[in-house]
Amino acid sequence: MPEVRSNTTGSVPSLAWTGLVKRFANGRGTGPVSLQLRAGQVCSLLGANGCGKSTLIRILAGIDRADAGTISVDGRDWTLGSPEAEGLRGRVIGVILQGAEPWPHLSLLENLTLPLESKLGLSKGEAEDRAAEELERFELLPRSRALPHVLSGGMRQRLVIARCLVLRPRFLLLDEITSALDPEWTERVTGRVAEFATKGGTVVSISHRLNLVRRMSDWVVYMVDGVIREQGSPERVLDCPEDKDLRRFILNA
Amino acid sequence: MYQWDFGWVWTYRAALIAAAWVTIKLNVVVLVLGSVLGMIIAACRGSRFAVVRYLAIAYVDVFRTIPILVLLIWAFFCIPVLVRGAQFTPWTCAVAVLSINLSAFAAEIIRAGIEAVPTTLVEGGLSCGLSQRQTLRFVVLPIAIRNMIPPLVGQYINSIKLSVLASVIAVPELLQKTTDLASQVYRPLEFYTALAVAFLVLLLPGTIWSRRLETKEHVERRSAET
């Protein structure tokens, strides 16, 4: 077991997971991984392709089921895959998985109103108002009635981010959400995430852009073969890495 | 040079219209029954129970493989010998065999349509907190149905064309009546030409429509992926 280092100052961690393990048939997988995050904290996961970052996000999101381990939200343990945990997803825990795409058969507006109506139970009118507001923030409102396939890749990624944020979650699990964005939008989305954290939101994010990781996060976790190899503040981990694999990883970036 | 005389066809128009009506009725029943049966088989293929899944796969493979003409003849002539007292009317046999044949192909089209829905879109539904049921209803099925329609229309047209095979067990449909009249008045060229033209007129719009659906869907899907 890797050591569980607590980086929480408050008494109750807002998002914590203990001993999460997931093994695939080919023997690869993730875990055991444990971590505690307090409200307002932005944690970035670093690591080579296939090191288990995305798997960890998918488990935390409840999309994949872990073989073992517990997840606690606001100090309450959630049984993995239980109806209560399912209820959190989307509404309390915002999730954007790697390669997420808008729904191609729904207009931009409908892409946002569907979860607002189905998950939050808003009326059509309320949902449309709130969706329009969010589309405006991502400069997608003029095309709200169009289908997503007329959009560029970056615009579609913005739409996916809007679809997540419109539900106003308190936690964000983000897997490479700026991969298709231009520098300006990368900046704006990073700003949105930072603002989200300032208001007490907790974020777990995967990104391969180290300058982004440095500016956005206050805790960095470096993973190798499914387990945490090194973790700490961005300055500590990125500027004076102890692990030699991590040193090479940073050098190559 | 052959002297065409379509007057004969016109003379027997009442009998031909009656036969066309049989063909239309037969096909409407087959399309409905075959589609419903196809959905059931497709659902069985996705069952939690392995036995049900394998039975559905066996059904699809068996009925896609046996030539429909063989099946028709077998159902009409062999079943009464094997099972005492089980003599079905030509109509019942034709409906059953054509529906089963269509359902085997339709089941595959439905399954493929659902499987072709990208996982990222399904997970998008779950990510936004939709339940499995809501994801199925609002995300998977609408996209899957769009995937299914062009190949299903093609399969329907195919099934309609195959329905003339019912003539071998004396269902009084178009081909059977045409053969009958052509030999009675000794005018096969006129009658079979009229039959070919009739099918062309009936099915060409459907064929063109199915191709247009395919290109439109194709273009939409391609641009959605880039």
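Here, residues in each chain are numbered from 1, in the same order as that chain's written sequence. Chains and ligands are labelled by the order in which they are written, letters from A for the one and numbers from 1 for the other. Local features in this predicted model are restricted to residues whose pLDDT is 70 or higher, and side-chain atom pairs enter the listing and the counts only when it is 80 or higher, whereas totals over whole chains, interfaces and linings include all residues. To obtain the side-chain values, all non-hydrogen atoms of the structure were included, while hydrogens and water were left out.

### Some remarks on the overall build of chain A
Then comes step 1: Runs of H or I in DSSP of at least four residues are treated as helices and runs of E of at least two as strands, each being numbered from the N terminus. A tally of regular secondary structure across chain A gives 9 helices and 10 strands.
Then comes step 2: Overall, the C-alpha framework of chain A stretches about 50 × 40 × 40 Å when taken along its three principal axes.
Then comes step 3: Any residue under 20% of the maximum accessible area for its type is buried, any over 50% is exposed, and the rest in between are partly exposed; the area is computed with a 1.4 Å probe on protein chains only. Scored against the burial criterion, the 253 residues of chain A give a buried share of 57%.
Then comes step 4: Here a residue-residue contact requires only that any non-hydrogen atoms of the pair lie within 4.5 Å. Counting contacts in chain A only where the partners sit at least 6 residues apart, residues at least 24 apart contribute 66% of the total.
Then comes step 5: The protein chains shown are the only cover counted for residues, whose accessible areas, like all others here, come from Shrake-Rupley with a 1.4 Å probe. Element-wise, carbon and sulfur atoms account for 50% of the exposed surface of chain A, whose accessible area totals about 10,900 Å².
Then comes step 6: Separation between the mean location of the 33 positive side-chain charges and that of the 31 negative ones in chain A comes to 2 Å. Charged residues are defined narrowly, with Lys and Arg counted positive, Asp and Glu counted negative, and His plus the chain ends left uncounted. The location of each charge is read from NZ of Lys, CZ of Arg, CG of Asp or CD of Glu.

### Considerations on the packing of helix α3 (residues 108-118) of chain A against helix α5 (residues 153-165) of chain A
Residues and elements named next belong to chain A.
Then comes step 1: Each axis is a line fitted through C-alpha atoms, and for a helix only the stretch in contact is used; angles between axes span 0 to 180 degrees, taken between their N-to-C directions. Orientation of α3 relative to α5, taken along the N-to-C sense of each, is 25°, at an axis distance of 9 Å. Between α3 and α5, the crossing angle belongs to the class labelled roughly parallel. Classified by chirality, the crossing of α5 by α3 is right-handed. The residues of α5 that touch α3, namely those facing L108, N111, L112 and P115, are L159, A162 and R163.
Then comes step 2: Split by residue class, the contact of α3 with α5 holds 5 nonpolar, 1 polar and 1 charged. Here the word oblique covers every angle except those under 35 degrees (roughly parallel), over 145 (roughly antiparallel) and from 65 to 115 (roughly perpendicular). Note on convention: the crossing is left-handed when the near helix lies turned anticlockwise from the far helix by less than a right angle, right-handed when the turn is clockwise. Each residue is assigned to one of three groups, with Ala, Val, Leu, Ile, Met, Phe, Trp, Tyr, Cys and Pro labelled nonpolar, Asp, Glu, Lys and Arg labelled charged, and all others, Gly among them, labelled polar.

### What to know about the sheet that holds strand β5 (residues 76-78) of chain A
Residue and element names in this part refer to chain A.
Then comes step 1: Here we have 4 strands laid out as an open sheet, ordered β2-β1-β4-β5, and antiparallel in their pairing. At either end of the open sheet lies a strand with only one pairing partner, and these are β2 (29-37) and β5. Within the sheet, the average angular offset between the axes of one strand and its neighbour, ignoring direction, is 25°.
Then comes step 2: With 5 bridges connecting them, strand β1 (residues 15-23) and strand β4 (residues 68-73) associate as antiparallel partners. Residue pairing for β4: L15 is matched across the bridge by V73.
Then comes step 3: Its contacts with the sheet place helix α1 (residues 53-60) against β1, β2 and β4, and it is angled at close to 120° to β1. If DSSP finds at least two bridges between two strands, the strands pair.

### Topic: the packing of aromatic side chains
Then comes step 1: Any two rings among Phe, Tyr and Trp, with Trp reduced to its six-membered ring, count as a pair given centres within 6.5 Å; such a pair is stacked if its planes are under 30 degrees apart, edge-to-face if over 60, and tilted if neither. Scanning the model with the defined rule gives 7 aromatic pairs over all chains in all.
Then comes step 2: Here a set of aromatic residues connected by ring pairs shows up, and it is made of Y2, W4 and F6 of chain B.
Then comes step 3: Residue placement shows R163 of chain A over the ring face of W103 of chain A; its charged tip is 4.1 Å from the ring centre.
Then comes step 4: Over the aromatic face of W10 of chain B sits the side chain of R13 of chain B, whose NZ or CZ is 4.2 Å from the ring centroid. Geometrically, a lysine NZ or arginine CZ counts as sitting over a ring once it is within 6 Å of the ring centre and also within 35 degrees of the ring normal.

### Focus on the pattern of salt bridges
Then comes step 1: Salt bridge, as used here: a side-chain nitrogen of Lys or Arg that lies within 4 Å of a carboxyl oxygen of Asp or Glu. All chains considered together, the criterion is met by 23 salt bridges over all chains.
Then comes step 2: A salt bridge links E184 of chain A to R188 of chain A; its shortest N-O distance comes to 3.2 Å. Residue E184 of chain A and its partner R188 of chain A are located together in helix α6 (residues 183-198), separated by 4 residues, close to a single helical turn.
Then comes step 3: Salt-bridge contacts for E190 of chain B lead to R187 of chain B; the nearest nitrogen and oxygen are separated by 2.9 Å. Residues E190 of chain B and R187 of chain B agree in their burial class; the two are buried.
Then comes step 4: Through salt bridges with shared partners, a single network forms among E133, E134, R137, R168 and R192 of chain A.

### Quick look at a nonpolar patch on the surface
Then comes step 1: The patches described consist of residues with a relative accessible area above 30% and no salt bridge, like charges being joined within 9 Å and nonpolar side chains (Val, Leu, Ile, Met, Phe, Trp, Tyr) within 5 Å. A contiguous nonpolar patch, built from W21, I24, V28, V32, V36 and I40 of chain B and spanning about 560 Å² of accessible area, is present on the exposed surface.
Then comes step 2: Tracing the backbone through its elements, the reader meets I24 of chain B in helix α2 (residues 13-45).

### Focus on the interface of chain B and chain A
Then comes step 1: With 21 residues of chain B at the interface, the matching set in chain A holds 20 residues.
Then comes step 2: Two parts lose some accessible area (1.4 Å probe) when they are put together, and adding that loss for both gives the buried area. Carbon and sulfur atoms supply 60% of the area buried between chain B and chain A, which totals about 1,800 Å² over both sides.
Then comes step 3: Here chain B and chain A share 1 salt bridge between them.
Then comes step 4: Across the pair E123 of chain B and R58 of chain A runs a salt bridge whose closest N-O atoms are separated by 2.5 Å.
Then comes step 5: Polar contact is the term for a pair of N or O atoms within 3.5 Å; when the atoms are in protein, one must be able to donate a hydrogen and the other to accept it, and sequence-neighboring residues count only if both atoms are side-chain atoms. The interface formed by chain B and chain A contains 6 residue pairs in polar contact (both at pLDDT 80 or more).
Then comes step 6: Sorting the residues of the side of chain B that touches chain A by element identifies α6 (119-127), α7 (132-162) and α9 (188-225) of chain B as the ones contributing at least two each.

### What to know about the sheet that holds strand β7 (residues 171-175) of chain A
Residues and elements named next belong to chain A.
Then comes step 1: Judged by pairing direction, the sheet is mixed, and its 6 strands sit side by side in the order β6-β7-β8-β3-β9-β10 without closing on themselves. Pairing within the sheet leaves two strands with one partner each, and these edge strands are β6 (93-96) and β10 (227-232). With strand direction ignored, the average angle separating the axes of adjacent strands in the sheet is 15°.
Then comes step 2: Each of β3 (42-46), β9 (219-224) and β10 touches helix α9 (residues 244-252); the most contacted strand, β9, lies at about 110° to it.

### Structural notes on the side chain of R163 of chain A
Then comes step 1: Tracing the backbone through its elements, the reader meets R163 of chain A in helix α5.
Then comes step 2: At 3.3 Å, the side chain of R163 of chain A forms a polar contact with the backbone oxygen of E101 of chain A.
Then comes step 3: Those residues in contact with R163 of chain A that lie beyond four places of it in its chain are E101, P102, W103, N111, L112 and P115 of chain A together with G124 and C128 of chain B.

### Let's talk about the packing of α3 of chain A against helix α4 (residues 124-137) of chain A
Residues and elements named next belong to chain A.
Then comes step 1: Interaxial distance between α3 and α4 falls to 9 Å at its minimum, and their mutual angle equals 125°. In terms of orientation, α3 and α4 fall into the oblique class. When the axes of α3 and α4 are compared, the crossing they make is right-handed. Residues L108, L109, L112, T113, L116 and E117 of α3 pack against K124, A127, E128, R130, A131, A132, E134 and L135 of α4.
Then comes step 2: In the contact of α3 with α4, the residues fall into 8 nonpolar, 1 polar and 5 charged.

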